[in-house]
Amino acid sequence: MKTMIKSVRGALLAMAAVAVAAPALAAGEAPHVERQQWSFSGPFGYYDRAQLQRGFKVYKEVCASCHGARFLAFRNLAEEGGPGFTEDQVKVIAAEYTVLKGPNDDGEMEELPAIPSDRFPSPFPNEQAARAANGGAYPPDFSTLAKARAVASGFPRFIFDMFTQYQEHGPDYIYGLLTGYEEAPEGVEVPAGQYYNTHFIAGQTLAMAPPLYADSVEYTDGTPTTVEQYARDVSAFMMWVAEPKLEERKSMGFRVMIFLIIFASLLYFTKKSVWRDVSH
């Protein structure tokens, strides 16, 4: 009994600490991130195939020159729950890249066209080369970025997020960052080689130049070619790269909940049937 009381007391103290600390975090260190509407949010969320294909196009033509995706294989683009490319389309996409393979019969490594089983090659041979090409900054890998980058909701909102299963803080942040470039206000000094962006999680300036410009990527499905649309599409694509089995996970969770409801109902009616003639 005493152990239970101590556990409850500890939980209450922890919640109180969070409640006190959260306003300070929200008011000071963390940038404000507007929540966006995503097709994959909520317990019944799903990926928009057309949006993922557009997002891949933005990644390929804009982002891939600096950011790799080392956990993403070309064949993943044709797997269920993904962008919905066909196997033939994936072969064509893979053939546009070269990967280092070997050793060959002479014991040497050689550059060969990629095949669907290969992973997306990094744009740089190593971290030092990446930093040298980007003014000392290291472009993060896109494989898990949408799950790794997020701004805390703060108290008490994060409690509601647990019940609503809101897990899209990462895409929200990426969208805000990509659309958050602006001129620095008067009196704010931006260091050389830096760009002003109040949505950046580590400060108000960052080394990455604005990557998106209107009409820089051609869409063939009639979707507007605006910075906001590009940012939304590539953010969704990055979410899929970070969690490609999201639809499968949510579908399994829904089936489990249905099973538990039916099982609990059967237990209840069985109990009623067994004990109905027993006086209490």
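Just so you know, these numbers come straight off a predicted model, no measurement behind them.

**Re the side chain of His67**
Following the sequence through the fold, His67 ends up in the loop between helix H2 (49-63) and helix H3 (87-95). The class for His67 is buried, based on a relative accessible area of 9%. Among the polar contacts made by the side chain of His67, one reaches the main-chain carbonyl oxygen of Pro140 at a distance of 2.8 Å. When near neighbours in sequence (up to four residues on either side) are disregarded, His67 contacts Tyr59, Pro123, Pro139, Pro140, Phe142 and Met208.

**Quick look at the layout of surface pockets**
Taken as a whole, the largest pocket holds about 750 Å³ of empty space. Lining the largest pocket are 30 residues, and of these His67, Pro139, Pro140, Leu206 and Met208 sit closest to its centre. Every element with two or more residues in the lining of the largest pocket is listed here: H2, helix H7 (169-178) and helix H8 (227-242). Looking at the lining of the largest pocket element by element, the count peaks at four residues for H7. Here the lining of the largest pocket is built from residues that sort into 24 nonpolar, five polar and one charged.

**Focus: the packing of aromatic side chains**
The geometry of an aromatic ring pair is captured by two quantities: the separation of the ring centres and the angle between the planes. Here the structure, examined in full by the defined rule, presents 16 aromatic pairs. Ring geometry for Tyr59 against Phe142: centres 5.6 Å apart, planes inclined by 40°, an arrangement best described as tilted. Taken together, the positions of Tyr59 in helix H2 and Phe142 in the loop between helix H4 (127-133) and helix H5 (145-148) put the pair 83 residues apart, joining distant regions of the chain. The residues Tyr59 and Phe142 share a single accessibility class, namely buried. Among the aromatic residues, ring-to-ring pairing joins Phe56, Tyr59, Phe74, Phe85, Tyr97, Phe120, Phe142, Phe237 and Trp240 into one connected group. Residue placement shows Arg232 over the ring face of Trp38; its charged tip is 5.6 Å from the ring centre.

**Notes on the environment of Glu108**
Mapped onto the secondary structure, Glu108 falls in the loop between strand S1 (98-101) and strand S2 (110-113). When residues no more than four places from it in sequence are discounted, the contact partners of Glu108 are Lys101, Gly102 and Pro103.

**Things to note about a negative patch on the surface**
Together, Asp105, Asp106, Glu108 and Glu110 make up a region of like negative charge exposed at the surface. Taking relative accessible area as the criterion, Glu108 reaches 49% and is therefore assigned partly exposed.

**Section: the packing of H7 against H8**
The relative placement of two packed helices is expressed as an angle between their axes plus a distance between the axes. Closest axis-to-axis distance for the H7/H8 pair is 9 Å, and the angle between their directions is 150°. The pairing of H7 with H8 is recorded here as roughly antiparallel in orientation. Judged by the twist between their axes, the crossing of H7 over H8 is right-handed. Where H7 abuts H8, its residues Pro171, Ile174, Tyr175 and Leu178 lie against Val227, Glu228, Ala231, Arg232, Val234, Ser235, Met238 and Met239. Of the residues assigned to the contact of H7 with H8, the class counts are nine nonpolar, one polar and two charged.

**Here's the deal with the environment of Ile174**
Structurally, the position occupied by Ile174 is in helix H7. By relative accessible area, which is 6% here, Ile174 ends up buried. For the pair formed by Ile174 and Ala236, sequence separation is 62 residues and the distance between their alpha carbons is 9.5 Å. Excluding residues that lie within four positions of it along the chain, Ile174 makes contacts with Ala146, Ser235 and Met238.

**A short note on the packing of H2 against H8**
Remark: H2 packs on H8, axes separated minimally by 7 Å, with the N-to-C direction vectors making an angle of 100°. As judged from the angle between their axes, H2 and H8 are roughly perpendicular. Side by side, H2 and H8 meet where Gln51, Leu52, Arg54, Gly55, Phe56, Val58, Tyr59 and Cys63 of the first sit next to Gln229, Tyr230, Arg232, Asp233, Val234, Ala236, Phe237 and Trp240 of the second.

Cut-offs and rules
- Residues numbered from 1 in each chain as written.
- Predicted model: local features only at pLDDT ≥ 70, side-chain atom pairs only at ≥ 80, totals over all residues.
- Heavy atoms only, no water.
- Helix = DSSP H or I, 4+ residues; strand = E, 2+ residues; numbered from the N terminus.
- Buried < 20%, exposed > 50% of the residue type's maximum accessible area, 1.4 Å probe, protein only.
- Polar contact = N/O pair within 3.5 Å; in protein donor to acceptor, adjacent residues only side chain to side chain.
- Contact = heavy atoms within 4.5 Å.
- 1 Å grid on protein atoms, 1.4 Å probe; cavity = no way out; pocket = protein on both sides within 12 Å on 5 of 7 lines; lining within 4 Å.
- Points joined across faces, edges and corners; volume = space filled by probe spheres on them.
- Nonpolar A, V, L, I, M, F, W, Y, C, P; charged D, E, K, R; others polar.
- Phe/Tyr/Trp six-rings, centres within 6.5 Å; stacked < 30°, edge-to-face > 60°.
- Lys NZ or Arg CZ within 6 Å of the ring centre and 35° of its normal.
- Patch = residues over 30% accessible without salt bridge, like charges linked within 9 Å, V, L, I, M, F, W, Y side chains within 5 Å.
- Areas by Shrake-Rupley, 256 points an atom, 1.4 Å probe, with all protein chains shown as cover.
- Salt bridge = Lys/Arg side-chain N within 4 Å of Asp/Glu carboxyl O.
- Lys, Arg positive; Asp, Glu negative; His and termini not counted.
- Charge placed at Lys NZ, Arg CZ, Asp CG, Glu CD.
- Axes fitted to C-alpha atoms, helices over the stretch in contact; angles between N-to-C directions.
- Parallel < 35°, antiparallel > 145°, perpendicular 65-115°, else oblique.
- Left-handed = near helix turned anticlockwise from the far one by under 90°.

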